[in-house]
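Structural characterization, general
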Amino acid sequence: MNVSPAKATSPLDNDEMLLVLQQSLSKKRVLIVDRHPPARDSLRLMLGALGVTAVHGAGNSAEVIRQVKGNRFDIILSDFVLDDGRDGQQLLEELRHAHLIPLATVYMIITSERSYTNVVALAELAPDDYLIKPFTAEQLQSRLVKVIYKKHVLRHIYEQIERGALDEAIAACDRVIQQQPAYMYDALRFKGELLHQLGRTAEAEAVFRRVLEGRVVPWAKMGLAMALRDRGALDEAEQLAEQVTQEAPDFLAAYDFLA
């Protein structure tokens, strides 16, 4: 799917793009994660109404891990409450940290907890989106289309990262920052982390400071703390990491950093 970056600034600005994405849903391979078989069946029917037929189900985390090792899924829809003491957020973190799903895979959490929105804002690895139960097929389609569009915008960053071509990935971040302002913060996060990985500490620090000028988010504070540590500003780095543990207790990287 070729999209002119100049035209595609928002999924809702371009009716033709929206139609293409809705049609592309039917080709997606989906994994539903829910401990209740009737809930999986209900969601499968909803996806069927949207033209999605390649749908798999999993009742627990172990089954999810077995399935993702054997198949590539475009979309994972996970209930927040799982049956083995973990939740959908922890499952996402496990899958991402272990590189069991590619960056291009959409991961969406389904929950009845309205307070979950607050958790997401402070999570180290947030899902691509979340849906509050109950929801309609139209709401599911609308949210999926928006996330698929975002993945499309960021696809060149993902491709270069997965190839190990980090300089090219940074260049892809810069293109998104210039051409797609709606996704600027997503691209800045990747850029800051890539610069840090490459040992370009001063540049990484500048990126995270730029983010914090626009919005205060735990990942930018943590990125800045790591950059400060690397250039020897240990007191300021420790202070930032302490702030993260207080503001976002589930942001585990801050505890590892302080330890």
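Criteria and thresholds
- Residues numbered from 1 in each chain as written.
- Predicted model: local features only at pLDDT ≥ 70, side-chain atom pairs only at ≥ 80, totals over all residues.
- Heavy atoms only, no water.
- Helix = DSSP H or I, 4+ residues; strand = E, 2+ residues; numbered from the N terminus.
- Rg over C-alpha atoms; globule rule 2.2 N^0.38 Å.
- Buried < 20%, exposed > 50% of the residue type's maximum accessible area, 1.4 Å probe, protein only.
- Lys, Arg positive; Asp, Glu negative; His and termini not counted.
- Charge placed at Lys NZ, Arg CZ, Asp CG, Glu CD.
- Contact = heavy atoms within 4.5 Å.
- Expected span 1.5 Å × (residues − 1).
- Arc of directions from axis to C-beta.
- Salt bridge = Lys/Arg side-chain N within 4 Å of Asp/Glu carboxyl O.
- Phe/Tyr/Trp six-rings, centres within 6.5 Å; stacked < 30°, edge-to-face > 60°.
- Pairing = 2+ DSSP bridges.
- Right-handed = clockwise from strand over helix to strand, strands pointing away.
- Axes fitted to C-alpha atoms, helices over the stretch in contact; angles between N-to-C directions.

1. Describing the overall build of the chain
- When its secondary structure is counted, the chain shows 13 helices and five strands.
- Its C-alpha radius of gyration of 19 Å places the chain within 12% of the 18 Å reference for a compact globule of 259 residues.
- Each of the three principal axes of the chain carries a C-alpha extent, and together these read 55 × 45 × 35 Å.
- For the chain, buried positions account for 47% of its 259 residues.
- On the chain, the mean spot of the 30 positive side-chain charges and the mean spot of the 36 negative ones are 6 Å from each other.

2. Quick notes on the side chain of Glu-205
- Position of Glu-205 relative to the elements: it lies in helix H10 (residues 201-214).
- In this structure, Glu-205 is in contact with Leu-224, Ala-227, Leu-228 and Arg-231, ignoring residues within four places of it in sequence.

3. Quick look at helix H2 (residues 37-49)
- Compared with the 18 Å implied by 1.5 Å per residue over 13 residues, the 19 Å span of H2 between its first and last C-alpha is a close match.
- Every buried residue of H2 is accounted for by Arg-40, Leu-43, Met-46 and Leu-47. For H2, the arc enclosing every buried residue in end-on projection is 120 degrees, short of the 170-degree limit, so these residues lie on one face. Among the exposed residues of H2, those pointing more than 90 degrees away from its buried face are Pro-38, Leu-45 and Ala-49.
- Each element contacted by the buried residues of H2 is listed here: strand S1 (29-33), strand S2 (54-58), strand S3 (75-79), strand S4 (106-111) and helix H6 (137-153).
- Positive phi appears at Gly-51, one or two residues downstream of H2, with a value of about 90 degrees.

4. Some words on the pattern of salt bridges
- Counted under the stated rule, the structure contains 17 salt bridges.
- Ionic pairing is found between Lys-150 and Asp-186, a salt bridge with its closest N-O pair at 3.2 Å. Taken together, the residues Lys-150 in helix H6 and Asp-186 in helix H9 (residues 184-197) connect sequence positions 36 residues apart.
- Residue class for Asp-186 comes out partly exposed when judged on its relative accessible area of 25%.
- The network of salt bridges with common partners includes Glu-205, Arg-209, Arg-231 and Glu-236.

5. A few points about the packing of aromatic side chains
- Overall, the coordinates contain three aromatic pairs when judged by the stated rule.
- Geometrically, the ring pair formed by Tyr-149 and Tyr-183 is tilted, given 6.0 Å between the ring centres and 50 degrees between the ring planes. Taken together, the residues Tyr-149 in helix H6 and Tyr-183 in the loop between helix H8 (166-179) and H9 connect sequence positions 34 residues apart. Take Tyr-149 and Tyr-183: they sit in the same class, and that class is buried.

6. Considering the pairing of S3
- Of all five residues in S3, five are buried; the element is thus mostly enclosed.
- Note that S1 and S3 share four bridges and pair parallel. Within the sheet, the bridge partner assigned to Val-30 lies in S3 and is Ile-75.
- In this structure, S3 lies alongside S4, joined through five bridges in parallel fashion. Across the sheet, Leu-77 pairs through a bridge with Met-108, a residue of S4.
- With helix H4 (residues 88-97) bridging S3 and its parallel neighbour S4, the resulting β-α-β unit is right-handed.

7. Regarding the pairing of S4
- Taken across its six residues, S4 has six buried, putting it largely inside the fold.
- Pairing analysis gives four bridges linking S4 to strand S5 (residues 129-132), with the strands arranged parallel. In the sheet register, Ile-110 faces S5, and the bridge partner there is Leu-131.

8. Considerations on the sheet that holds S4
- Ordered in space as S2-S1-S3-S4-S5, the five strands form an open sheet in which the pairing is parallel. In this open sheet, the two edge strands, each paired with only one partner strand, are S2 and S5. Averaged over neighbouring strand pairs, the angle between their axes works out to 20 degrees when direction is ignored.
- Running at roughly 165 degrees to S2, H2 makes contact with S1, S2, S3 and S4 of the sheet.
- Docked against the sheet, H4 engages S1, S3 and S4, running at close to 165 degrees with respect to S4.

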